[in-house]
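# Results of the structural survey
Each chain, written out:
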Amino acid sequence: AWTIADDAEITLEANPTSAEAGNFHGYRSAGVNRVSVGIQALHDTDLKALGRQHSVDEALAAFRMAAKIFPQTSFDLIYARPRQTIASWREELKRALDEQQGHMSLYQLTIEPDTAYAALHANGKLIVPEDDLAADLYDVTQELTEAAGLPAYEVSNHAWPGRQSRHNVLYWRYGEYAGIGPGAHSRLVTSAGGRVGLSTIRDPKAWQAQVGDKGHGVEEEISINTDETAREKLLMGLRLNDGIVLSDFGNFIDTDRLHQLVDHGLLASPASGRMATTPTGRKVLNAVIRELIA
């Protein structure tokens, strides 16, 4: 359906088990040129609590192998984990920074419905830190990554200059993307200039059966109206450190609320037609967005 650019970034998300690492050369030969390694924690007890199937030693061995095989890698961790302290996270992140090769995805642990983490949380086996501690852990994350030359370009993603993940940036800038496999989502621009959202069947066997029957696995197609497009673009764009272009939103953003958020130190004063959150605003990003689109 599409041609592929010669310099396309082709990313694989990999679990750092020895079995997965054994396939790295094959993935590289197939064309993958960037691998995101889900290490998640550098403490074996925490990996077990998160339901991971690898050890710290196995994870680091897999990442080091990936760094030798792929032109670009991402070292991915989850923080704000049960019983995690500022001191322990500081030590763990420093260790990770010694291993990383230009990109890190550092996500705060969140509990999403209908996930394995939600089941563990419901059973009292996965308790997330209070908000104040989570905010302190976020501050430590920004401090150490910036000192190491990997500033955040998005709330949870950090990179050396020029090493940002292309697909991450495309999502946050609300570009087009096509989701093909089971449970995938798409946002595409129509010939009329509007946007359409597609979602595919989540169950792999049911997806495969429909592909065989109809030639596609799409189960829902929705037209995204102008207001919803602006809302989604705002939700995505404010995650980026360079923010959004105000002129893209017309009258959708309440100017009075914008200035109130600037006065409270949550948004930077719009400059060169752009609007971005401050470091303080990024810590309460969801609240800032709710205010802007209320």
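Our structure's up above, just so we're on the same page.
First, a word on scope: everything that follows refers to the structure included in this document. (Residues numbered from 1 in each chain as written. Predicted model: local features only at pLDDT ≥ 70, side-chain atom pairs only at ≥ 80, totals over all residues. Heavy atoms only, no water.)

Core analysis: the largest hydrophobic core is formed by 56 residues, its most contacted members being Phe75, Leu234, Ile253, Met275 and Leu292. Per-element accounting of this core gives the leading share, seven residues, to helix α4 (residues 56-69). In this structure, Leu234 is in contact with Ile244, Phe249, Phe252, Ile253, Met275, Leu292 and Ile293, ignoring residues within four places of it in sequence. Grouped together as the second largest cluster of nonpolar side chains are five residues, Tyr153, Ala159, Trp172 and Leu240 included. (Core = buried A, V, L, I, M, F, W, Y, C linked by side-chain atoms within 4.5 Å. Buried < 20%, exposed > 50% of the residue type's maximum accessible area, 1.4 Å probe, protein only. Helix = DSSP H or I, 4+ residues; strand = E, 2+ residues; numbered from the N terminus. Contact = heavy atoms within 4.5 Å.)

So, about the pairing of strand β3 (residues 72-79). Along β3, eight of the eight residues are buried, which leaves the element largely enclosed by surrounding structure. Side chains Gln72, Ser74, Asp76 and Ile78 project from β3 onto one buried face, and the interleaved Thr73, Phe75, Leu77 and Tyr79 project onto a second face that is buried too. Sheet topology places strand β2 (residues 34-40) next to β3; six bridges connect them, and they run parallel. When the bridges of β3 are listed, Gln40 appears paired with Leu77. When β3 meets strand β4 (residues 103-108), the two strands line up parallel, connected through five bridges. Directly across from Ile78, in β4, lies its bridge partner Tyr107. The handedness of the β3 to β4 crossover, carried by helix α5 (residues 86-99), is right-handed. (Pairing = 2+ DSSP bridges. Right-handed = clockwise from strand over helix to strand, strands pointing away.)

What follows covers α4. The end-to-end C-alpha distance of α4, which contains 14 residues, comes to 20 Å, matching closely the 20 Å that a straight helix rising 1.5 Å per residue would cover. Looking only at α4, the buried set comprises Val56, Ala59, Leu60, Ala62, Phe63, Ala66 and Ile69. (Expected span 1.5 Å × (residues − 1).)

Right, let's talk about the side chain of Glu9 for a bit. Looking at the secondary structure, you find Glu9 in the segment before β1 (11-14). Arg34 is the oppositely charged side chain nearest to the buried, salt-bridge-free Glu9, at an N-O distance of 4.1 Å. At a separation of 2.9 Å, a polar atom in the side chain of Glu9 contacts the main-chain amide nitrogen of Arg166. Setting aside chain neighbours within four positions, we find Glu9 in contact with Asn33, Arg34, Gln72, Gln164, Ser165, Arg166 and His167. (Lys, Arg positive; Asp, Glu negative; His and termini not counted. Salt bridge = Lys/Arg side-chain N within 4 Å of Asp/Glu carboxyl O. Polar contact = N/O pair within 3.5 Å; in protein donor to acceptor, adjacent residues only side chain to side chain.)

Side-chain direction in a regular strand flips from residue to residue, so the side chains alternate between the two faces of the sheet. Most of strand β8 (residues 195-200) is tucked away, with six of its six residues classed as buried. Burial of the side chains of β8 extends over both faces: Arg195, Gly197 and Ser199 are buried on one face and Val196, Leu198 and Thr200 on the other. In this sheet, β8 lies alongside strand β7 (residues 185-189) in antiparallel orientation, the contact comprising five bridges. Considered in β8, the bridge of Arg187 is made with Gly197. Two successive antiparallel strands, β7 and β8, enclose a turn made up of five residues, where Gly193 displays a positive phi of approximately 95°. In this sheet, strand β9 (residues 218-224) lies alongside β8 in antiparallel orientation, the contact comprising six bridges. Bridge assignment links Gly197 to a residue of β9, and that residue is Ile222.

A full pass over the atoms with the stated rule returns 12 salt bridges. Note that Asp139 is salt-bridged to Lys283, the shortest N-O span being 3.2 Å. One end of the pair, Asp139, is in helix α7 (residues 131-147); the other, Lys283, is in helix α12 (residues 279-283), and 144 residues separate them in sequence. Overall, the relative accessible area of 38% leaves Lys283 in the partly exposed class. Between Arg173 and Asp242 there is a salt bridge whose closest N-O contact spans 3.3 Å. One end of the pair, Arg173, is in the loop between α8 (166-172) and β7; the other, Asp242, is in the loop between α10 (226-237) and β10 (244-245), and 69 residues separate them in sequence.

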